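# Understanding the architecture of this molecule
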Amino acid sequence: MGGKDDNSSGGENPVELFLKIGLDERTAKNTVANNKVTANLIAVIHEASVTDGCARPIGNLLYTVATKFPANALVHRPTLLEYIVSSKIKTPAQLEAAFSFFATTGSETFKVNDFDEACGVGVEVSEEDIKHAVNEIFEEHKNAILEQRYRTNVGELFGHVRKMQPWADPKIVKQLIDANLYGLLGERTAADDEKLVKKKKEKPVKIEEPVAVVDTPPKPSEEELNPFLIFPSPEENYKVHTEVFFSDRSVLRCCNSRETLEKHLKATGGKVFTRFPPEPNGYLHIGHAKAMFVDFGLAKERGGCCYLRYDDTNPEAEKKEYIDHIEEIVRWMGWEPFKITYTSDYFQDLYELAVELIRRGHAYVDHQTPEEIKEYREKKMNSPWRDRPIAESLKLFDEMKRGMIEEGKATLRMKQDMQSDNFNMYDLIAYRIKAIYSSSACRGQVVYLSKLRLFSLHCGFSREYYTFEVIVLACELMGQSIHLCTLEFETRRASYYWLLDALGLYQPYVWEYSRLNVTNTMMSKRKLNRLVTQHWVDGWDDPRLMTLAGLRRRGVTPKSMNDFVRGIGITRSDCSVIRLDRLEYHIREELNKIAPRTMVVLHPLKVVITNLEAGSLMDLDAKKWPDAQLEDASSFYKVPFSNIVYIDHSDFRMQDSKDYYGLAPGKSVLLRYAFPIKCIDVILGDDKETILEVRAEYDPSKRTKPKGVLHWVAEPSPGVDPLKVEVRLFDKLFLSENPGELGDDWLSDLNPESKVVIPGAYAVSSLKNAAVGDRFQFERLGYFVVDKDSTPEKLVFNRTVTLRDSYSKSGK
């Protein structure tokens, strides 16, 4: 039930058209590389009547409409475009509000006053109003800003202002926040760049077992335990669950006859058949984890089968790399395909069904140009060739196949209902001619050329709409018993069932569910591709990305992702965005069970224990697990203790205070699993400020009972440094929860500190044999995984997630 909009640029140059509305050249060219977005944007530009150009702010909003407008409310898109062109809607926040309003409204009529109120139409927020809101927020958070300085989360400040002034211009908000920060803090200093070190100095040291602090979730509901209870069994699929309304005939009440159902049950053995249909034009992301959970999960829960079916009909965007990745990552996520198939496997079958559609009087060969098709659709007018004789259409369709008609001179259209209220019933195109010549083909022969496969046919067909091919493939040729897709395809139900009814095919049960959107990230494959190809990140498996490859490299487990998806459910609540910390909650829940504890010091500070003989060495027992039993030797590991140990720089300060539990002159702390030590002297550098070394005495009797407990690493033998490792600390990729609100400026929202590399951390020697993919909890620091960049000379660790968790399962 996927689809591509039937709009093309005709004689227009899409890049020039996009430049006219203010897109920069790079964005325009990247857009043209995506056929679907190109078609949508061209349609939007024509609907908005701005083919001669418009101001860049308006063009940016039009671009967002082309990529994000709710598919279930396309009938209202012209109305929204009028608001944009007339500047009644002029900010990304207003546009997002409009999307939410129309997603809820669907194709139903609405009250203009309700829409205006929901989108802040007519509400003028002056710069003075914004300045007042920013000043108020800064006054409220002044102490925290002064303490954190340029480490302050600007995204949070932005969010506070948005709550006060939801219709404020985001660019003005950003400018005023930056100006206020500068006015309050002055020039950025070198100390401001030492975020991690400085921040940790102010954190109290934990006394208790340093495990993740989480809220105890409530008992899971029946739906959480089995979210697939909502789906009917195959033998129940004889009831009417969709009605298609026609302007010239009776309502089509979509259901299977008993005879059709029995035939289907016999062919499938009564099992549930589903399919997971990714397009190999990029790496899979967290949203695909939900699709896999639904498609494979339902089949598994019912003892059925799920196909992995590649939608390989867009060779320009496809790569063998993507095909290999998808198959490998599906299995890594815990799913086993029943069969692996390609859309291209069914070209001949689909052609024969198209011929049958013509024979039954439900399709015709059309000669209208793309511009004429668009005009006729807008006016709800039938094509002049709509009623041509069946024999004539069959003859012309055969000529299309045999390469006798030039590209663009004919299409095969389905004879649906041009007077329908649903745009997806306006005689959709089933086939068009896509001629790609190859030197390997015979003279005059046209081939379908894919980067994945080469088909030497008389003429290749490339579908303009998914509707024909995917429906037939998924339902009839693969025996699919239930059709699962996301909500943007809901308006295509009518054309879906029209086609199945026209061909007399089995009609699967349909269920649309909401897409998975997560805060502080991007889910668009086009934008992910831009991040990768323009080197904003380090490849498709960069641990900062929400690609499944990136999450795996970050140390996230398949189980935690599947638990996360199960927890949010298979709902129909559109436009919902799940907070990132909800995913992190499930990651911690899993890693807390499987990741053994160990000790690593990120910023080593040398401590010389003066009352312990130089060269002496003790092997102490350290716990891998909080509940380790003394009789279970496998639950412990050995850590050497010598007269030279290293603590973290952030755990020492020259001035003690009541709420500080680290080490300071004259103060004692406990070295975890070892002994209490007391600072007796500090060696400073020539500047009298830089701390070079701390002198301390240890208490071998352990009678001293200090409050602070520190992690540490010792020299494994006299004069030998501890195991040196590289640690990479990853944070949110974007500062804002919804970077899409910033339109074309979304790249400016990238978090400059989303990746911090610490090349000279010290680790306990037991880690030296760790392998790529091994996971650990670094005490007091978080969960980490060994990265593939590791070498025999130096291990590299990626932080998966921090220890602390503020997410409550009752929250959103």
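Cut-offs applied
Residues numbered from 1 in each chain as written. Predicted model: local features only at pLDDT ≥ 70, side-chain atom pairs only at ≥ 80, totals over all residues. Heavy atoms only, no water. Core = buried A, V, L, I, M, F, W, Y, C linked by side-chain atoms within 4.5 Å. Buried < 20%, exposed > 50% of the residue type's maximum accessible area, 1.4 Å probe, protein only. Helix = DSSP H or I, 4+ residues; strand = E, 2+ residues; numbered from the N terminus. Domains from an automatic or database assignment. Contact = heavy atoms within 4.5 Å. Pairing = 2+ DSSP bridges. Phe/Tyr/Trp six-rings, centres within 6.5 Å; stacked < 30°, edge-to-face > 60°. Polar contact = N/O pair within 3.5 Å; in protein donor to acceptor, adjacent residues only side chain to side chain. pLDDT = per-residue confidence, 0-100. Salt bridge = Lys/Arg side-chain N within 4 Å of Asp/Glu carboxyl O. Axes fitted to C-alpha atoms, helices over the stretch in contact; angles between N-to-C directions. Parallel < 35°, antiparallel > 145°, perpendicular 65-115°, else oblique. Left-handed = near helix turned anticlockwise from the far one by under 90°. Nonpolar A, V, L, I, M, F, W, Y, C, P; charged D, E, K, R; others polar.

## Description of the nonpolar core
One finds Leu-62, Val-65, Leu-80, Ile-84, Ile-89, Phe-115 and Ile-177 to be the most contacted residues of the largest nonpolar core, which totals 56 residues. The greatest single-element share of this core, amounting to 7 residues, is contributed by helix α6 (residues 92-105). Both domains that furnish three or more residues to this core are identified here as domain 1 (14-119) and domain 2 (127-188). If we skip the residues at most four places from it in the chain, Leu-80 touches Val-65, Phe-69, Ile-89, Leu-95, Ala-98, Phe-99, Phe-102 and Phe-115.

## Here we look at unusual backbone geometry
In the Ramachandran plot, Ser-87 falls in the positive-phi region, its phi being about 65° despite a non-glycine side chain. By the secondary structure assignment, Ser-87 is in the loop between α5 (77-85) and α6. Exposure remark for Ser-87: the relative accessible area of 36% places this residue in the partly exposed category. One non-glycine residue with positive phi stands out, namely His-535, at about 65°. Structurally, His-535 is set in the loop between α22 (525-533) and α23 (548-554).

## A closer look at the pairing of strand β27 (residues 782-786)
Most of β27 sits out of view: 5 of its 5 residues are buried. Two strands pair when backbone bridges link them, and strand β26 (residues 775-778) and β27 are joined in this way by 4 bridges, in the antiparallel orientation. Along β27, the bridge assignment pairs Phe-778 with Gly-782. Here β26 hands over to β27 after 3 residues, with Arg-780 in that stretch at a positive phi of 75°. Both β27 and strand β28 (residues 795-801) contribute to a ladder of 4 bridges, which runs antiparallel. Directly across from Val-786, in β28, lies its bridge partner Phe-797.

## Points about the pairing of strand β17 (residues 636-641)
Most of β17 sits inside the fold, with 5 of its 6 residues counted as buried. By the bridge criterion, 6 bridges tie strand β16 (residues 618-623) to β17 in an arrangement that is antiparallel. By the bridge assignment, Met-618 is partnered in β17 with Phe-641.

## A word on the packing of aromatic side chains
If you walk through the whole model with that rule in mind, you get 34 aromatic pairs. Judged by centre distance (5.2 Å) and plane angle (50°), the ring pair of Phe-641 and Phe-675 falls under tilted. Taken together, the residues Phe-641 in strand β17 and Phe-675 in the loop between β19 (668-671) and β20 (676-684) connect sequence positions 34 residues apart. Side by side, Phe-641 and Phe-675 carry an identical accessibility label, which is buried. Ring geometry for Phe-734 versus Trp-746: centroids 6.2 Å apart, planes at 40°, classification tilted. Of this pair, Phe-734 sits in the loop between β24 (723-730) and β25 (755-763) while Trp-746 sits in the loop between β24 and β25, placing them 12 residues apart in sequence. Residue classification places Phe-734 among the buried residues on the basis of a relative accessible area of 1%. Since its relative accessible area comes to 2%, Trp-746 is described here as buried. Every member of this aromatic cluster is reached through a ring pair, and the members are Phe-69, Tyr-83, Phe-99, Phe-101, Phe-102, Phe-110 and Phe-115.

## Topic: the environment of Glu-726
Summarising the element assignment, Glu-726 is placed in strand β24. In contact with Glu-726, not counting residues within four places along its chain, are Val-757, Ile-758, Pro-759, Lys-794, Leu-795, Val-796 and Phe-797. Separated by 2.9 Å, the side chains of Glu-726 and Arg-728 make a polar contact.

## Let's talk about the confidence of the model for the protein
Residue-level pLDDT values for the protein average 83, and 87% of them are 70 or greater. Across residues 1-10 the pLDDT falls below 50, and counting only partners more than four positions away or on other chains, this stretch makes 45 contacts in the model. Note on residues 806-812: pLDDT is under 50 here. Beyond four places in sequence and across chains, it has 14 contacts.

## Focus: the pattern of salt bridges
Opposite charge on two side chains permits them to pair, given that their charged atoms come into close proximity. Enumeration over the complete set of coordinates arrives at 43 salt bridges. Among the salt bridges present, the one from Arg-253 reaches Glu-243, with a minimum N-O distance of 3.1 Å. Of the two residues, Arg-253 sits in strand β2 (residues 252-254) while Glu-243 sits in strand β1 (residues 242-244), which places them 10 residues apart along the sequence. With a relative accessible area of 38%, Glu-243 lands in the partly exposed category.

## Details of the packing of α6 against helix α7 (residues 112-119)
As a packed pair, α6 and α7 sit with axes 8 Å apart at the nearest point and diverge in direction by 140°. In this view, α6 runs oblique relative to α7, as classed from their interaxial angle. Two packed elements cross with a definite hand, and for α6 against α7 that hand is right-handed. Residue-level contacts link Gln-94, Ala-97, Ala-98, Phe-101 and Phe-102 of α6 to Asp-114, Phe-115, Ala-118 and Cys-119 of α7. A per-class count over the contact of α6 with α7 returns 7 nonpolar, 1 polar and 1 charged.

## Some points on the packing of helix α10 (residues 154-164) against helix α11 (residues 170-185)
Across the interface, α10 lies against α11 with an axial gap of 11 Å and an inter-helix angle of 125°. Classed by the angle they form, the pair α10 and α11 counts as oblique. Every pair of crossing elements has a handedness; the one defined by α10 and α11 is right-handed. Residues Val-154, Leu-157, Phe-158 and Val-161 of α10 form the contact with α11, whose participating residues are Pro-170, Val-173, Lys-174, Ile-177 and Leu-181. Tallied by class, the residues present in the contact of α10 with α11 amount to 8 nonpolar, no polar and 1 charged.

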